[in-house]
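Structural description and commentary
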Amino acid sequence: MAPAGANNYAANLNYLALRGYISGTPQDQLTNNSIRKINSHTKSDIGFNRTSIIFILMVMIIGVGSCKPPFEYGDRSFFVRSADNSFYEIQANLVDQNDDAQVFVQLGESVSKAQVELILEEFSANILPSVTDTYGPSSDLDNNGKIILMLHDIDDNYSGPGSSYIAGYFDPTDLLISRFSNGGEILYIDTNPALQDFTGMLSTIAHELQHLVNHVEWNIIDSPAPGSYVRIETWLNEALSLSAEEVYTGSRLTDRIGYYYGDPNYRILNGNGFLSWDATEDYSSVYLFFHWLRAHAGEATIYSEIFNSNFSDYQAVIEQLPNYAELSSLYDIDAEKAWDNLFN
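1. A closer look at the overall build of the protein chain
- Counting secondary structure elements, the protein chain contains eleven helices and seven strands.
- Going through the 344 residues of the protein chain one by one, you find that 56% of them count as buried.
- As displayed, the protein chain offers around 14,000 Å² of accessible surface, 49% of which is attributable to carbon and sulfur atoms.

Next comes the structure, spelled out in structure tokens:
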């Protein structure tokens with residue numbers, strides 16, 4: 001059986017993601033092919049799409065204020081998200097830092113200095129280079145030269161073993177001038193219960209880092225028209241973050257594979273497709289699709305090429321097919337027909 005509330009949390013995160021706010025990672029103890037064609041956007045042809053307009057209007061409603069300055073050791077406040085998309089404020093301490101990252105921990109959370117040191121060591125040695133080398137660089141809008149890792153108990157209604165929780169998220173609001181912006185490159189990582197699975201928490205950091213560099217690629221490096229906002233389709237962004245976990249760990253994501261074959265809610269059996277992105281199962285389905293692409297491509301460079309595509313939809317995948325012998329037979333100059341070939 002799926003943990004209680006798994007689909008509710010996935011739906012909440014979908015609500016947030018569709019509005020350009022956060023990219024979250026719901027986590028389960030386990031953890032389709034109805035294809036919907038969506039209008040494509042390219043980096044060279046971006047205007048005001050519905051998502052960008054909603055995002056801009058919401059920022060206007062929130063109001064404009066000053067971004068928070070970079071901090072040294074000591075306390076500072078952060079605006080963080082609940083699973084219902086609302087903001088609330090917490091206090092945190094800067095516990096430690098190195099050349100690449102700062103680790104803040106919410107006051108009252110039990111994270112040891114030794115654990116923080118391990119996080120920093122792994123981030124600099126493996127997580128950061130695996131993600132930035134494969135996908136792309138981060139920005140440094142707060143001029144501190146570091147990624148901030150904000151460890152806190154995410155308000156996700158976690159009720160104990162067997163229930164779902166949000167393992168982490170990235171919020172693009174932090175890279176805007178907004179009342180609720182924390183003013184920097186920040187990844188929010190859960191402590192309760194995520195800290196109990198330390199290896200999984202490190203994988204979550206890699207996942208969320210891809211969301212950050214993906215946002216930077218589309219909205220800072222290849223900046224759209226002034227005033228507009230671009231977010232690639234949710235399934236594609238999540239697929240790239242799941243592939244980032246695979247690249248970082250150097251192994252298959254067995255929890256996602258197990259959840260796919262377990263199919264506790266029978267959604268996969270009933271033809272639920274990941275393009276609609278409305279259930280926990282979508283993480284498993286889209287991960288296996290991207291893993292299949294890598295297996296037939298023979299190398300992880302296909303992930304890099306999809307990330308660097310000018311397309312923000314399924315065409316980012318289609319244009320890679322001719323470059324790999326085992327995939328080239330599926331290619332067609334008609335992108336929609338080629339997409340259908342992948343699933344028939």
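We are not done yet, so read on.
2. Considering unusual backbone geometry
- Residues Asn-192 and Pro-193 are joined by a peptide bond in cis, for which omega reads 15°.
- Mapped onto the fold, Pro-193 is located in the loop between β7 (186-190) and α4 (198-221).
- A positive phi is found at Asn-85, a non-glycine position, where the angle reads about 85°.
- Relative to the helices and strands, Asn-85 resides in the loop between β2 (75-81) and β3 (87-97).
- A relative accessible area of 13% places Asn-85 in the buried class.
- Phi at Asn-157 is positive, roughly 60°, even though this residue is not glycine.
- Relative accessible area serves as the criterion here: at 57%, Asn-157 is assigned to the exposed category.

3. A short note on the nonpolar core
- Counting 68 residues, the largest nonpolar core has Leu-149, Leu-209, Trp-235, Phe-289, Phe-290, Val-317 and Trp-339 as its most contacted members.
- In this structure, Ala-83, Ile-90, Leu-94 and Ile-148 belong to the second largest nonpolar core, which totals 14 residues.

4. Quick word on the packing of helix α3 (residues 113-134) against α4
- Relative to each other, α3 and α4 sit at 45°, their axes nearing to 10 Å. With respect to α4, the element α3 is oriented oblique. Relative to α4, α3 is oriented so that their crossing is right-handed. The residues of α4 that touch α3, namely those facing Gln-115, Leu-118, Ile-119, Glu-122, Phe-123, Ile-127, Leu-128 and Val-131, are Phe-198, Met-201, Leu-202, Ile-205, Ala-206, Leu-209, Gln-210 and Val-213.
- A per-class count over the contact of α3 with α4 returns 13 nonpolar, two polar and one charged.

5. Some remarks on the packing of helix α5 (residues 234-249) against helix α7 (residues 281-297)
- The interhelical angle for the contact between α5 and α7, taken along N-to-C directions, is 65°, at an axis separation of 9 Å. Crossing of α5 against α7: the hand is right-handed. From α5, Trp-235, Leu-236, Glu-238, Ala-239, Leu-240, Leu-242, Ser-243, Glu-246 and Val-247 reach across to α7, where they touch Tyr-283, Val-286, Tyr-287, Phe-289, Phe-290, His-291 and Arg-294.
- Taken together, the residues that form the contact of α5 with α7 break down as eleven nonpolar, two polar and three charged.

6. Structural notes on the packing of aromatic side chains
- This structure, assessed with the given rule, holds twelve aromatic pairs.
- Arranged with centres 4.7 Å apart and planes meeting at 15°, the rings of Tyr-169 and Tyr-188 form a pair that is stacked. Of this pair, Tyr-169 sits in strand β6 (residues 165-170) while Tyr-188 is found in strand β7, placing the two residues 19 residues apart along the sequence. Accessibility classification places Tyr-169 together with Tyr-188 in one group, the buried group.
- Ring plane angle 70° and centroid distance 5.9 Å describe the contact between Phe-289 and Phe-290, whose orientation is recorded as edge-to-face.
- Looking at Phe-290, the relative accessible area reads 1%, which means it is buried.
- One aromatic cluster is present, built from ring pairs that chain together Trp-235, Phe-274, Phe-289, Phe-290 and Tyr-303.
- Looking at Arg-76, its charged tip hangs above the ring of Phe-78, at a distance of 4.0 Å from the centre.
- A cation over a ring is seen here: Arg-76 above Phe-104, with NZ or CZ 5.7 Å from the ring centre.

7. What to know about the side chain of Glu-185
- Along the chain, the position of Glu-185 falls in the loop between β6 and β7.
- Although Glu-185 is buried, it makes no salt bridge; Arg-76 carries the closest opposite charge, 9.8 Å away.
- One polar contact links the side chain of Glu-185 to the main-chain amide nitrogen of Asp-140, over a distance of 3.2 Å.
- Within the structure, Glu-185 has its side chain in polar contact with the backbone nitrogen of Leu-141 (distance 2.7 Å).
- The contact partners of Glu-185, leaving out residues within four places of it in the chain, are Ser-138, Ser-139, Asp-140, Leu-141, Asp-142, Lys-146, Ile-147, Ile-148, Leu-175 and Leu-212.

8. Describing the pattern of salt bridges
- Applying the stated criterion across every chain yields a total of four salt bridges.
- Arg-294 is the salt-bridge partner of Glu-246, the closest N and O atoms lying 2.9 Å from each other. With a gap of 48 residues between them, Glu-246 in helix α5 and Arg-294 in helix α7 connect regions that are remote in the sequence.
- Note that Arg-267 is salt-bridged to Asp-278, the shortest N-O span being 3.0 Å. With Arg-267 in the loop between α6 (254-262) and α7 and Asp-278 in the loop between α6 and α7, this residue pair connects regions lying eleven residues apart in the sequence.
- For Arg-267, a relative accessible area of 25% gives the class partly exposed.

The rules behind the values
Residues numbered from 1 in each chain as written. Predicted model: local features only at pLDDT ≥ 70, side-chain atom pairs only at ≥ 80, totals over all residues. Heavy atoms only, no water. Helix = DSSP H or I, 4+ residues; strand = E, 2+ residues; numbered from the N terminus. Buried < 20%, exposed > 50% of the residue type's maximum accessible area, 1.4 Å probe, protein only. Areas by Shrake-Rupley, 256 points an atom, 1.4 Å probe, with all protein chains shown as cover. Core = buried A, V, L, I, M, F, W, Y, C linked by side-chain atoms within 4.5 Å. Axes fitted to C-alpha atoms, helices over the stretch in contact; angles between N-to-C directions. Parallel < 35°, antiparallel > 145°, perpendicular 65-115°, else oblique. Left-handed = near helix turned anticlockwise from the far one by under 90°. Contact = heavy atoms within 4.5 Å. Nonpolar A, V, L, I, M, F, W, Y, C, P; charged D, E, K, R; others polar. Phe/Tyr/Trp six-rings, centres within 6.5 Å; stacked < 30°, edge-to-face > 60°. Lys NZ or Arg CZ within 6 Å of the ring centre and 35° of its normal. Lys, Arg positive; Asp, Glu negative; His and termini not counted. Salt bridge = Lys/Arg side-chain N within 4 Å of Asp/Glu carboxyl O. Polar contact = N/O pair within 3.5 Å; in protein donor to acceptor, adjacent residues only side chain to side chain.

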